[in-house]
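# What the coordinates show
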Amino acid sequence: MSTSEVSTPEDSRHLYPPRRGGWRGHKDLVSGIAVFGLICILPWVPLLGWTSIFDTSNNYGLGNLAFVFAYAAAAIGFNLLVGYSGALGLSHAGLFGLGAYGTAILTSPKECLDPACDPIVRVATSGYDWPFLVALPIVCVAAAAIGIIVGFPAARLKGFFLAIATLALGELIITIIRLDEDVWSGLKSNGGTGKQVPLFLLPGFDRTQSAYAVAAASMFLCFIGYVILTERRLGRTLKAVRDVEIATGPIGISATYYKLVAFGLSAFAAALAGAAWAQNSAFVNPSAFRTRLLVFLLVVLIVGGLGRLWGPLIGAAFFVYLRQELQDTQKLLFLVLGIALMLAVLILPNGIASIPDRIRQTRWADDLRRRFRSGALNND
Amino acid sequence: MTDPTTTTTTTPIQTPSRETVLELRDLHVAFGGNRVLEGVDLEFKAGFNGMIGPNGAGKTTLFNVLSGYVMPSRGTVWMRGENLTAMSQTARVKAGLGRTFQSPKLVLDATVMENVLLGRHHLFRWGHVAELFFWPPRRREETASRRICMEMLDRFGLAAKAHQQAGDLSLGAQKIVEVCRSLVAEPSVVLLDEPAAGLGADDVTVLLSGLRALVAERQICIVIIEHDLALVAALCPEISVLHFGEIISRGTPVEVTSDPIVVEAYLGAGFELGDEVAGMDS
Amino acid sequence: MNQLLQQIVAGLESGSSYGLIGLAIVVVMKATDVPNFAMAEMGLVVAYFSWWLSSPDDGLGWPFWLSMLIAVVAAAAFGAASQFFLIRPLTGLSNQPLAFLVAVGFAAALAAQFHTRGLPRFVDWLPGLGGGYPWVVAVLMGLITAPLWYVAIRRLVKPLARVDHFPLLLLTIGLTYALGSLIENLWGATPQRFEAPWSGKTFDIGDTRVGWDQVVSIIAGLAIALGLAVFFRSRWGVRMRAIAEDGPTARMLGINAGAVSLIAWAIGTTIAGSAMILTTSSTVLQLGSAEGLILKGFIAAVLGGFVSLPGTFIGGIIVGVAEALAGGQIDTSLQPIVALLVVVVVLLVRPGGLTRQAKLREV
């Protein structure tokens, strides 16, 4: 308690939280570098070869990891919205689809007018023929704008009502995409597989490696953005909006503005992830982005760890692994996903990423600590 | 229990210039058929101003009107010549109005420093894009703000806890953190809603001495809702009494506590200011 | 003109099922504060059960009314059991039933897994392992793990003082998928025809052909909604309202919150089950039958503000009729959008749903 404390001397007052010296004080930075370094070398050094699913010496493993990164990128955006701002914005799947579809349409080559072209293939591949690196930022910014529009109801809606409204809006986005005449006829006549995605090839890499690189880069971007923003003023402001919204007015924080910011940023991430995901899939079909995808994203986020740094990546790895492992028995997949979600809520509300913390907080770990430390426990 | 011996007598400090900072004119607030405030005319001056009254009298509603949560059905609010009545909450903050709440509204899983920094929000010039790119002026601004927050925490003896989780603090400490948050915003007027309720004697001493020092330095206008009469009497040169939505008395503590209307409505016969120290209850 | 009437009737029928699912959701929400995303799926389980009881080819072939009765009773039991095993551990009451259930369930699932597929792929490289095991070995291996699950659940499932809606929503989403899988495993994935005494029979009003199943759905929906309104005036209904208003105080007054929760879930599941039986006997019984309905049910509940029962049912009807009319009169491709648009527009205009809810803001 503060009681009759005198002012502490100038030199022992830190304006920023004091860090332990050396690499232990920068745990996050070190682990970040380690993980991303690992990701960069994996295509050439298949360290995860012992798991056949993530074995990067073949395209199968590379592709799976690319999916992991894409889902993780989407989950990071989701994390910002639901974990940090506390807004139940469930339109994420729709925006993911927007990113995938948007880039596919914009980068597809123009309609093939050669009479030798198969009319079915012609429609499925027709687009505006923009370069990928131009289309990508434009689609992401457009998605951010739409995300902000979706977020407008957030100003007046709370909790569950917001969830329903955003869920409906996400579905609406997908439904509107399906209405697009070109797309629709392409879908119908292409055996339902959807729009073909032209692949962006990095020089020197083949298509799977390119997809891997794009996915890894997207995740990296989202990750960096998330870390920087949440460490700074944006992070604490979002937390204030989440926890003490009613007090934000007299502080001068516009809760509405920040909710919209969160919606916009998460939409950007979702679209980026969607575009990366599309690169790894041959076709994009609007039906793939409906509630089912949202549930997948929820599993990734919750099982991995809501509000945690590495939650999205862990959750994505878990999900992709499961999906591949249980590929032959689809019904088992949904059963396991369902149970995983239930268990996550019941046992590990903060996800797998919180396991180290949970262990640290148990009495057993406390006893261990006591034994290794001389003197009294650090009480407050 | 408060210790009024921080001042030598029960007559409060007379601040030299008592200019009117906040003015309420003919304020009426009604929720449906329930008339909460009726014809409230008040002037709050630089320094301490007390507001007392029984529970349900409308004191917190008054604060809610002032801070923009509730629209009055009639009447206006003026601060230093500016009409606040129609202003948004954010605009009021920029104009210099701050408040605290009966139960502290802090982000529990952030540190004390981060919570207090929230108060500086409207004073930051550089936006979030700047912080994404490690823009140096932004960093300097952040450090300067942190220094100000640390100084404020220091005034109230909480500097050592600056980097602890706000959720780990006692309720009393949390309330003081909230007061700090409202003060770092460089307000002209601060509304404190029962700041001493639930605080131990030591905390109250620290709180009051910190506030007194600030008032002496900066001529802030502080409006305090309290139930602890001795505290209010020791602190505020002017007290208003709110009773069922109406101001029934205004004046110095001695005047108010000897006003028969107030005695009848709120204090009860046989109330003596001197006795308050011993065993009062709200 | 006859097209219009047909569309309106179709809209009333679908709206009635939306409204019923919405009612089920609201009842459970009001009494236990749980947004049950699995409501429609639970209803589907009941519908499948009822179908199985009455189907002459694939099931027991019992008379329709008997199977419906049994299914309704089973629905109540199912709902109460769900609340008992899944929700109670979270709200502070014992997690023992859950631990027991999980131990048995996981042991059985693992036994099946060991029998058919052996150990999971990433342990393949352990020498000598892999591949399926004979039943005895598999069951033994499963049983060995059972105490582990039991202790784990007992230790790890912490009752939370305040359970937010979001985790509960996730929990019930998980339940939805688990139940879907259960249905598939028990009854297969092929769509089925669910024959009710009124299926397929129609009558004419002027030029319009109206199906008896539509009429039955609408009337049953209304009857259930009215029955619910009557129930809430009864002793148990009042208790339920009390718990919804102010749980702790109600408990202090001697109202058995546990019993109220069980009853609420039982009622909710019964309503959802009836709705699903009506819908699937009118259209088709298949795995995906619940998927679209749950969102529409929530939309109906939202329109009623999650508070008002008449508002919910009427909301459902409005959505159903609007859908049918928009699809019929304007363009069929609009149909999926209508419900979504309705809810978004309504929420924008009235953030608390269609019914007015006076809420004093506490500062």
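Keep in mind that this is a model prediction, so the values were computed, not measured.

### With respect to the overall build of chain C
Looking only at helices and strands, one finds 13 helices and 2 strands in chain C. Every one of the 363 residues in chain C was classed for burial, and the buried ones make up 46%. Considering only contacts in chain C between residues 6 or more positions apart, those separated by 24 or more positions represent 75%.

### Description of the sheet that holds strand 1 (residues 20–31) of chain B
Sheets are built from strands that pair by backbone hydrogen bonding, the pairs being arranged parallel or antiparallel. Residues and elements named next belong to chain B. The strand order 2-1-4-5 describes an open sheet built from 4 strands, whose pairing is antiparallel. Because the sheet does not close on itself, it has two edges, and the strands there are strand 2 (34–45) and strand 5 (82–83). In this fold helix 1 (residues 59–66) packs onto strand 1, strand 2 and strand 4 (74–79), with an angle of close to 70° to the strand it touches most, strand 2.

### Quick word on helix 11 (residues 289–303) of chain C
Spanning 15 residues, helix 11 of chain C covers 22 Å between terminal C-alpha atoms, matching the ideal 21 Å at 1.5 Å per step. Of all 15 residues making up helix 11 of chain C, 13 are buried, and the element is well covered by its neighbours.

### A closer look at the environment of A:F205
With respect to the helices and strands, the residue A:F205 is situated in the loop between strand 1 (195–196) and helix 8 (207–231). If sequence neighbours within four positions are ignored, A:F205 has contacts with A:S210 and A:A213.

### Some details on the interface of chain C and chain A
Listed as interface residues are 37 residues of chain C and, on the opposing side, 35 residues of chain A. For the side of chain C that touches chain A, the secondary-structure elements that each account for two or more residues are helix 6 (165–187), helix 11 and helix 13 (335–349) of chain C. No other element matches the 15 residues that helix 6 of chain C contributes to the side of chain C that touches chain A. Its residues placed into classes, the side of chain C that touches chain A shows 28 nonpolar, 7 polar and 2 charged.

### Description of the nonpolar core
If you look at the biggest cluster of nonpolar residues, it comprises 314 residues, and the most contacted ones within it are A:A73, C:I21 and C:V343. If sequence neighbours within four positions are ignored, C:V343 has contacts with A:I164, A:A165, A:A168, C:I299, C:V302 and C:L303.

### A few points about the interface of chain A and chain B
Counting residues at the interface gives 31 residues for chain A and 43 residues for chain B. Elements supplying a minimum of two residues to the side of chain A that touches chain B: helix 8, helix 9 (233–243) and helix 10 (245–251) of chain A. The element best represented in the side of chain A that touches chain B is helix 9 of chain A, accounting for 7 residues. Per-class residue counts for the side of chain A that touches chain B are 13 nonpolar, 10 polar and 8 charged.

### Remarks on the sheet that holds strand 8 (residues 221–225) of chain B
Residue and element names in this part refer to chain B. Spatial ordering of the open sheet is given by 6-7-8-3-9-10, a layout of 6 strands whose pairing is mixed. The two strands at the open ends of the sheet, each matched to only one other strand, are strand 6 (97–99) and strand 10 (246–251). On average, each strand axis in the sheet is tilted by 20° relative to the strand beside it, whichever way the strands run. Of the pairings in the sheet, the one linking strand 3 (residues 47–52) to strand 9 (residues 238–243) comprises 4 bridges and is parallel in character. Counted as the bridge partner of N49 is E238 from strand 9.

### Points about the packing of helix 2 (residues 39–54) of chain C against helix 10 (residues 257–282) of chain C
The angle between the axes and the distance between the axes are what describe a pair of packed helices. Residues and elements named next belong to chain C. Relative to each other, helix 2 and helix 10 sit at 60°, their axes nearing to 7 Å. It follows that helix 2 is oblique to helix 10 by the angle criterion. Here helix 2 runs over helix 10; the crossing is right-handed. Every residue of helix 10 that contacts helix 2 at M39, A40, M42, G43, L44, V46, A47 and S50 is listed here: G268, T269, A272, G273, A275, M276, I277 and T280.

### Some details on the confidence of the model for chain C
Residues and elements named next belong to chain C. Taken as a whole, chain C shows an average pLDDT of 80; of its residues, 89% reach a score of 70 or greater. Mean pLDDT per element in chain C: helix 9 (residues 247–252) is the minimum at 72, and helix 2 is the maximum at 90. In this model, residues 357–363 is a region of pLDDT below 50 whose contacts with residues beyond four sequence positions or in other chains number 9 contacts. For this predicted complex, the interface confidence score (ipTM) comes to 0.81, while the overall pTM stands at 0.83.

### So, the packing of helix 12 (residues 309–330) of chain C against helix 13 of chain C
Residues and elements named next belong to chain C. The contact between helix 12 and helix 13 brings their axes to 8 Å, and the two run at 140°. Here helix 12 is positioned oblique relative to helix 13, judged by the angle of their axes. Remark: the crossing between helix 12 and helix 13 carries right-handed chirality. Facing helix 12, whose interface residues are V319, A322, E323, A326 and G327, helix 13 presents Q335, V338, A339 and V342. Residue classes in the contact of helix 12 with helix 13 are distributed as 6 nonpolar, 2 polar and 1 charged.

### As for the environment of C:F64
Residue and element names in this part refer to chain C. Here F64 lies in helix 3 (residues 64–87). Exposure remark for F64: the 20 C-beta atoms within 10 Å place this residue in the buried category. Each C-alpha atom of the pair F64 and P197 lies 7.3 Å from the other, and the pair is 133 residues apart in sequence. When near neighbours in sequence (up to four residues on either side) are disregarded, F64 contacts S54, A196 and P197.

### Comments concerning unusual backbone geometry
All names here are of chain B. At E186, a position not held by glycine, the phi torsion is positive, near 55°. Structurally, E186 is set in the loop between helix 6 (171–183) and strand 7 (189–193). Its 14 C-beta neighbours within 10 Å are what place E186 among the partly exposed residues.

About the cut-offs
Residue numbers run consecutively from 1 along every chain, following the written order of its sequence. Working convention: letters from A go to chains and numbers from 1 go to ligands, in the order in which they are written. Note on the predicted model: pLDDT of at least 70 is required for a residue's local features to be given, and 80 or more for side-chain atom pairs to be given and counted; whole-chain, interface and lining totals, by contrast, use all residues. Put simply, DSSP H or I for four residues or longer makes a helix, DSSP E for two residues or longer makes a strand, and each gets a number counted from the N terminus. Residues with at least 20 neighbouring C-beta atoms inside 10 Å of their own are called buried, those with 12 or fewer are called exposed, and the rest are partly exposed, where every C-beta is derived from the backbone. Working definition of a contact: two residues with C-beta atoms, positioned from the backbone, lying within 7 Å. We treat two strands as partners when DSSP finds at least two bridges between them. Whenever a helix is involved, its axis is fitted only over the stretch in contact; in every case the axis is a line through C-alpha atoms, and angles between N-to-C directions fall within 0 to 180 degrees. The span one expects for a helix is its residue count, reduced by one, times 1.5 Å. Ten residue types, Ala, Val, Leu, Ile, Met, Phe, Trp, Tyr, Cys and Pro, are classed as nonpolar, four, Asp, Glu, Lys and Arg, as charged, and the remainder, Gly among them, as polar. Linking buried Ala, Val, Leu, Ile, Met, Phe, Trp, Tyr and Cys residues through C-beta atoms within 7 Å yields a set, and such a set is a nonpolar core. By the definition adopted for this analysis, an angle is roughly parallel if under 35 degrees, roughly antiparallel if over 145, roughly perpendicular if from 65 to 115, and oblique otherwise. Helix crossings fall into two classes, left-handed where the near helix is turned counterclockwise from the far one by less than a right angle and right-handed where it is turned clockwise. As a per-residue measure, pLDDT tells how confident the predictor is, with possible values from 0 to 100.

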